[in-house]
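Now for the letters of each chain:
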Amino acid sequence: MIQEFMTPTSIEEAVVLKKTRSGSLYFGGGTEINHAGSSKKSDCVISLEKLGLNSVEQNGNQLILGASVTLQELIDAPLVPVTLQKAARHIYSRNVRNMATLGGNIGANRSDSALIPCLIALSADLDTAEDGRISVEDYISGNKQSLILSVIVPKQKGSCVVKKVSKSSASSAIITVAVRIDGSWGNINGAVLAVGGIGSQIMRLWSVEDGLKSGSIKNRDELQLAVSNVVAPQTDVLGSVSYKKYICGVTVADCVDECMEVAL
Ligand SMILES: Cc1cc2nc3c(=O)[nH]c(=O)nc-3n(C[C@H](O)[C@H](O)[C@H](O)COP(=O)(O)OP(=O)(O)OC[C@H]3O[C@@H](n4cnc5c(N)ncnc54)[C@H](O)[C@@H]3O)c2cc1C
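Residues numbered from 1 in each chain as written. Predicted model: local features only at pLDDT ≥ 70, side-chain atom pairs only at ≥ 80, totals over all residues. Heavy atoms only, no water.

**Student:** What am I meant to see in the packing of aromatic side chains here?
**Tutor:** Any two aromatic rings considered together are summarised by their centre-to-centre distance and by the angle between their planes. Inspection of the entire model under this criterion finds one aromatic pair. Arranged with centres 5.1 Å apart and planes meeting at 75°, the rings of Phe5 and Phe27 form a pair that is edge-to-face. Placement of Phe5 in strand 1 (residues 4-6) and of Phe27 in strand 2 (residues 25-27) is noted, with a sequence separation of 22 residues between them. With relative accessibility at 10%, the residue Phe27 sits in the buried group. (Phe/Tyr/Trp six-rings, centres within 6.5 Å; stacked < 30°, edge-to-face > 60°. Helix = DSSP H or I, 4+ residues; strand = E, 2+ residues; numbered from the N terminus. Buried < 20%, exposed > 50% of the residue type's maximum accessible area, 1.4 Å probe, protein only.)

**Student:** How do you make sense of helix 3 (residues 82-89) when you look at a structure like this?
**Tutor:** Among all positions in helix 3, only Thr83, Leu84, Gln85, Ala87 and Ala88 are buried. Looking at the buried residues of helix 3, the elements they touch are strand 5 (62-66), helix 2 (71-76), helix 4 (94-99), helix 6 (115-121), strand 8 (148-154) and strand 9 (159-166). (Contact = heavy atoms within 4.5 Å.)

**Student:** So what exactly am I meant to see when it comes to the UniProt feature "domain: FAD-binding PCMH-type" (unreviewed entry) in the protein chain here?
**Tutor:** Sites flagged by UniProt as "domain: FAD-binding PCMH-type" (unreviewed entry) map to residues 1-158. Span residues 1-158 is 32% helix and 22% strand, its end C-alpha atoms 46 Å apart. (UniProt positions renumbered as here; feature names shortened; annotations may be inferred.)

**Student:** Help me understand the pattern of salt bridges in this model?
**Tutor:** It is possible for side chains bearing opposite charge to pair when their charged atoms get close. All chains considered together, the criterion is met by 11 salt bridges. The salt bridge partner of Arg110 is Asp112, with a shortest N-O separation of 2.8 Å. We note a salt bridge from Glu222 to Lys218, for which the minimum N-O separation is 3.7 Å. (Salt bridge = Lys/Arg side-chain N within 4 Å of Asp/Glu carboxyl O.)

**Student:** Any chance you could explain the environment of Glu130 here in plain terms?
**Tutor:** Relative to the assigned elements, Glu130 resides in the loop between strand 6 (125-128) and strand 7 (132-135). Among the residues examined, Glu130 registers a relative accessible area of 33% and is labelled partly exposed. Between the C-alpha atom of Glu130 and that of Lys144, which follows or precedes it by 14 residues, the distance is 9.9 Å. If sequence neighbours within four positions are ignored, Glu130 has contacts with Val15, Tyr26, Ser146 and Leu147. Polar side-chain contacts of Glu130 include one of 3.0 Å to the side chain of Tyr26. Side-chain polar atoms of Glu130 contact the backbone nitrogen of Leu147, separated by 2.6 Å. (Polar contact = N/O pair within 3.5 Å; in protein donor to acceptor, adjacent residues only side chain to side chain.)

**Student:** Sorry, what's going on with the side chain of Ser146 here?
**Tutor:** Its location among the elements puts Ser146 in the loop between helix 7 (136-141) and strand 8. A residue is classified by how much of its surface remains accessible, and Ser146, at 6% relative accessible area, is buried. For Ser146, the side chain forms a polar contact with the side chain of Asp131, separated by 2.6 Å. Excluding anything up to four places from it in sequence, Ser146 contacts Tyr26, Thr128, Glu130, Asp131 and Tyr139.

If you want it as structure tokens, here you go:
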């Protein structure tokens, strides 16, 4: 249970508090920290509310999203790419989206996040207080805890599609998938495939990306099979290994098809 709620008014103060208060956590919207069953628990939290990290700005070819922008603000901001807005909508409850922040979603580092794979597919970077500029992928795979100040989304070639597979809009994601494709069958110049819900963290399907770019994966059927073969899910209450392998292959293939349709 939270015993101390610190409210720093500068980034420097927040970083010093984090260093000096052992076990403390940065606190965005608190929807993960206060979520029953969350692994992110501390009796001392450092609120980011007064740091002014809630702007949405276009800077040349880059969109700069403040870490404290809420998921609902992402959806409502006209500058934000539609795919990122769709990813934010996958948290079904508007009440949660009104509190939950972009930085908090990355900090929570949940395997069922739809936003993290989407940011990876968009090749987004983070500006952090302690680690400087770092890719979203390196931040989550390194289990970093540095203070995220903003998310930098560069303009990318190709199209990006995100999907969540779940039993209902309110239930946990079985898998989440985000794909960015530049090109079409026979001429794929760029491919990023990021999948959630399979392991403990969001994963890139590097070998399948290479197969798409080299042309060794030539069509939808080969893609679906390659994805099913490369993922190693666990059986749990959400589905069996064979179901998850199958649905992952189908969903990635659907995303790639949609990317190619959008590009036409
Ligand atoms: C009903 C319900 C459904 C949910 N469904 C989903 C879902 O489908 N997918 C999903 O991913 N999540 C889900 N969540 C969890 C949570 O709402 C989201 O992950 C949310 O985006 C977390 O944001 P927050 O600002 O509330 O994070 P917080 O709870 O404030 O923080 C989460 C973690 O991130 C860290 N953190 C916060 N801000 C920063 C920052 N700027 N820099 C560095 N670290 C930071 C914190 O220290 C903490 O470790 C759900 C929660 C609820 C209650």
